[in-house]
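What the coordinates show
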Amino acid sequence: MSIFNHHQLSRSHHFSDIPSVPGSLSLSSHVVYNEWMTEEEEEKQHLQSMKTATLTLFLLLLSSLEQNAQSCTQIERHSLLSFHNSITSSPPLNWTLSTDCCQWEGISCTTPDNHITHLWLPEKHLSGTINLSNLPFLSHINLSHNYFSGPFPFPLLGSLNHLQTLDLSYNHLSGPLDDHPHSPSIRNLNLSSNKFNGTIHPLFLQHAPNLIAFNVSNNTLSGQIPSSICDGSPFIRILDFSVNLFTGNLSIGECRRLEVIRAGSNRLSGRLPDYLYNITTLNQISLPDNDFSGPITNAIVSLSNLTVLELQQNELTGEIPSEIGSLSNLQQLQLHTNSLNGTLPPSLINCTKLTTLLLRNNHLQGEISSIDFSKIRQLQAIDLGNNSFVGEIPSSLCLCRSLIAVRIAYNQLVGEIPPCMASLTSLTHLSLSDNFLSNVVGALKTLRHCDNLAVLFLSRCYHDEMVPDDDDLLHLSGFQNLQILTLGGGGLKGQIPSWISKLRKLKVLNLSFNKVSGRIPTWLGEMPSLFVLNLTKNALTGDLPREIGSMPALIADNTSSDLSSLALPFLFDSLQYNRLFNLPRGLKVGNNSLSGKIPEEIGRLKLLRVLDLSNNNFNGSIPNSLSGLTNLEKMDMSGNHLSGEIPESLTELHFLSSFSVANNDLEGEIPRGGQFETFSAEAFEGNPGLCGYMVRKVCPINESGGVEEEEEESSWRDDIMPFGSGYFVGLVVVAVTVSYKQWW
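Residues numbered from 1 in each chain as written. Predicted model: local features only at pLDDT ≥ 70, side-chain atom pairs only at ≥ 80, totals over all residues. Heavy atoms only, no water.

Remarks on the environment of Val 695
Here is the rule: By the criteria applied, helices consist of DSSP H or I runs no shorter than four residues and strands consist of E runs no shorter than two, each listed in order from the N terminus. The contact definition used throughout considers only heavy atoms, calling two residues in contact when any of these lie within 4.5 Å.
Here Val 695 is to be found in the loop between β48 (689-691) and α7 (709-714). A C-alpha to C-alpha distance of 9.4 Å links Val 695 and Ala 683, two positions twelve residues apart in sequence. With residues up to four places along the chain from it excluded, the contact list for Val 695 reads Ile 670, Phe 684 and Leu 690.

The structure is reproduced here in structure tokens:
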């Protein structure tokens, strides 16, 4: 019977002792009633006290149980404190001595035996060496994305018999993996993105029978990949050896349950191993950027579970397997940058789940429209560039409504862009350069409906046509997301059209190597995002507008992060770029018929890295303000009619690695110091009035005296080092600076 019910019965008993008197109460009854009221109040107080005591006892008991359930053992607590004392962290870990260690940051315990099972401290800015002991029940350790150093903690792996997950990725651990610890419970071992070097012991994983995933990518490990890796770990499903220095053949033994093999960006060689085709559980093969050679045989079609096949950037030869369509689960096929030949296999249309098809930089040929791409409707990226395909752009591509990137540049395609491409509203990247297309006006009218188009390469496609003018695109409403537009190298005629001024997100404009005439429009200086302007080799006249010196994206880095990662890489000055913001910011107007003085305002473009004013008719002096171009790497003012002296302040351009003022009318002594110590005489030739060390010509002695001629000559003797301290700076800069050849 509960306490509450017991008091209810007690109350009933008192009520039964009171006589039932009708009407007013008698004195005796009143006394009895008052006595009863006093007793009832006492009972109430007694009842409340018992309730309070009972509740307090219950809470104390519950608190005690919780404390006991989460209290770690003293030995394990001391082990954690020892680990904590051997490392540093910023900010400090929330490990308060007054609280139970099971409640510490990153710590989890089991119940009811109170053993520590999880140490989970990724991205905590921890540093030091890893030293953990006396934690026998620890099953999961994640110390990734920190700053731990030292060798791999072999004792840790060998002493923790319950350890299942060990993630030490993204630290600064180093040394070889030259031991073979006994790790019966380990299932996931991630050592990627450290500084491990040397070789992996042949028996490193010989005693890890339950291992499922092993990752040592992004280190500097060398030698051969252990061939017996699956002998001791028969259940392994994921192996990642990418981005190391491994050599020799790929030999990993009998891995019958393997699902993912990655070993890209190494120095592996030989033929693709036949045993790979027998591992029918494989769904990902990623072996790019190695030295594999020989063909891809039809045996690969036995891998019916394959979803990813990445064999790009090798030395593979032969044809694409004719039965490649049997891989019906294939989603990514990357075979680009090899020496494959032949045609696209017709069976390719059976890969209906394909989203990525990258075959550029091979020797493939044939009629490109022979493939009905409408059967591959999930396609998102296709790159068939740098091959020898012929025919017209396939209209069947228009039915691949998920297309984001299309590159068919550097082929032999003819005809026009299909009008149906206007329906590709997801398209962001289109590269058709170096083909034999026609009707550039029709192309732009079609593509303006691709609302998300950000990259459009049409260089060397259209020959001797007119630049689309304002009459052609009078009501331009598209291209509002366009960031790269190239129409160079086709001999296009006309003037720079003002519809381009509406492209407010445009960052790169290339109209070079055409026959564009007229003046450079002043509105180019108002384009808010433009940081690469290439008008090289046209028939432009007039002066260089001073408004060009106000280009916002060349004065301050206020550009958005759009296109921080491109759907497909592109070439610029013979270099491949995957991100637009890495592109060198430049102003190129060389090889025109521009005249007048170089605007002083150009010196405001402090983010400029390339300035090409060569082979024009500029006159006057070189503006001293050009010393404000503090990021400049290349300056070419050769082939003009510039006069006066070379400003001494240009020696303050510490990143300048290429410089030329050849073939002008300059005079006076060539400045010395800084990067000028690294330039050759060719940079100054064709200026009879120049003198100084660089051109081996003695400058006239001024009236106030100076160094005698004999002393000047003696300073050029062959047995004296002819370079100043700037030479060494120049060497470093030259070593890392791109040679800016005109590519577009």
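A short note on the pattern of salt bridges
Cut-off, in case you're wondering: Any carboxyl oxygen of Asp or Glu that lies within 4 Å of a side-chain nitrogen of Lys or Arg is treated as forming a salt bridge with it. Relative accessibility decides the category of a residue: with a 1.4 Å probe and only protein chains considered, values under 20% of the type maximum give buried, values over 50% give exposed, and everything between is partly exposed.
Within the structure shown, the criterion is met by eleven salt bridges. Among the ionic pairs, Asp 434 bridges to Arg 460, the shortest N-O distance being 2.8 Å. You can see Asp 434 sitting in the loop between β29 (429-431) and β30 (436-437) and its partner Arg 460 sitting in the loop between β31 (455-457) and β32 (484-486), a full 26 residues away along the chain. Taken individually, Asp 434 and Arg 460 each receive the classification buried, so the pair is uniform in this respect. For the salt bridge of Glu 677 with Arg 672, the shortest nitrogen-to-oxygen distance reads 3.6 Å.

Quick look at the packing of aromatic side chains
The criterion, for reference: Put simply, two rings from Phe, Tyr or Trp (the six-membered ring, in Trp's case) pair if the centres are within 6.5 Å, and we call them stacked under 30 degrees between planes, edge-to-face over 60, tilted for the rest. Whether a charge sits over a ring depends on NZ of Lys or CZ of Arg being within 6 Å of the ring centre and within 35 degrees of the ring normal.
For the coordinates displayed, the defined rule picks out 14 aromatic pairs. With a centroid separation of 5.9 Å and an interplanar angle of 45 degrees, the aromatic rings of Phe 204 and Phe 214 are classed as tilted. Residue Phe 204 is found in the loop between β10 (195-200) and β11 (213-215), and its partner Phe 214 is found in strand β11; the two are separated by ten residues along the sequence. Using a relative accessible area of 3% as the deciding quantity, one classes Phe 204 as buried. Aromatic ring contacts, followed pair by pair, group Phe 152, Phe 154, Phe 196, Phe 204, Phe 214, Phe 241 and Phe 246 into a single cluster. Cation over ring: Arg 585 sits above Phe 531, and NZ or CZ is 4.3 Å from the ring centre.

Here we look at the state of the cysteines
Note the threshold: Only a pair of cysteine sulfur atoms within 2.5 Å qualifies as a disulfide here.
Within the structure shown, the criterion is met by five disulfides. Each sulfur in the disulfide pair Cys 72 and Cys 101 lies 1.4 Å from the other. In this pair, Cys 72 sits in the loop between α2 (27-70) and α3 (74-85) while Cys 101 sits in the loop between β1 (87-89) and β2 (107-109), placing the two residues 29 residues apart along the sequence. Relative accessible area serves as the criterion here: at 5%, Cys 72 is assigned to the buried category. Linked covalently through their sulfurs, Cys 102 and Cys 109 form a disulfide whose S-S length is 2.0 Å. Disulfide Cys 102 to Cys 109: torsion about the S-S bond roughly -100 degrees, handedness left-handed. You can call Cys 102 buried: its relative accessible area is 11%. Once the bonded cysteines of the protein are numbered in order along the sequence, the disulfide links fall as 1-2, 3-4, 5-6, 7-8, 9-10.

Digging into the pairing of strand β41 (residues 593-597)
Put simply, the rule is: Note on pairing: two strands pair once DSSP finds at least 2 bridges between them.
Sheet topology note: the strand β37 (residues 539-543)/β41 ladder contains three bridges and is parallel. Note on β41: the bridge partner recorded for Gly 542 is Leu 594. In terms of strand pairing, β41 meets strand β43 (residues 617-620) through three bridges, oriented parallel. Residue Gly 596 lies in a different strand from β43, and its bridge partner there is Phe 618.

A short note on a negative patch on the surface
Note the threshold: For patches, a residue must show more than 30% relative accessible area and have no salt bridge; joins then use 9 Å for like charges and 5 Å for nonpolar side chains, namely Val, Leu, Ile, Met, Phe, Trp and Tyr. Working definition of accessibility: Shrake-Rupley area with a 1.4 Å probe, residue cover restricted to the visible protein chains. The positive count covers Lys and Arg only, the negative count covers Asp and Glu only, and His and the chain ends enter neither. By convention, charge coordinates are those of NZ in Lys, CZ in Arg, CG in Asp, or CD in Glu.
There is a patch of like negative charges on the surface, built from Glu 645, Glu 648, Glu 652, Glu 667 and Glu 669. Within the element layout of this structure, Glu 645 appears in the loop between β45 (641-644) and β46 (658-660).

Some remarks on the nonpolar core
Rule in force here: Side-chain atoms within 4.5 Å are what join buried Ala, Val, Leu, Ile, Met, Phe, Trp, Tyr and Cys residues into a set we call a nonpolar core.
Counting 193 residues, the largest nonpolar core has Phe 214, Leu 239, Phe 241 and Phe 684 as its most contacted members. With five residues, helix α5 (residues 440-447) is the single largest residue contributor to this core. For Phe 214, the residues in contact, after removing those within four places along its chain, are Leu 189, Phe 204, Leu 205, Ile 229, Ile 236, Ile 238, Leu 239, Asp 240 and Phe 241.

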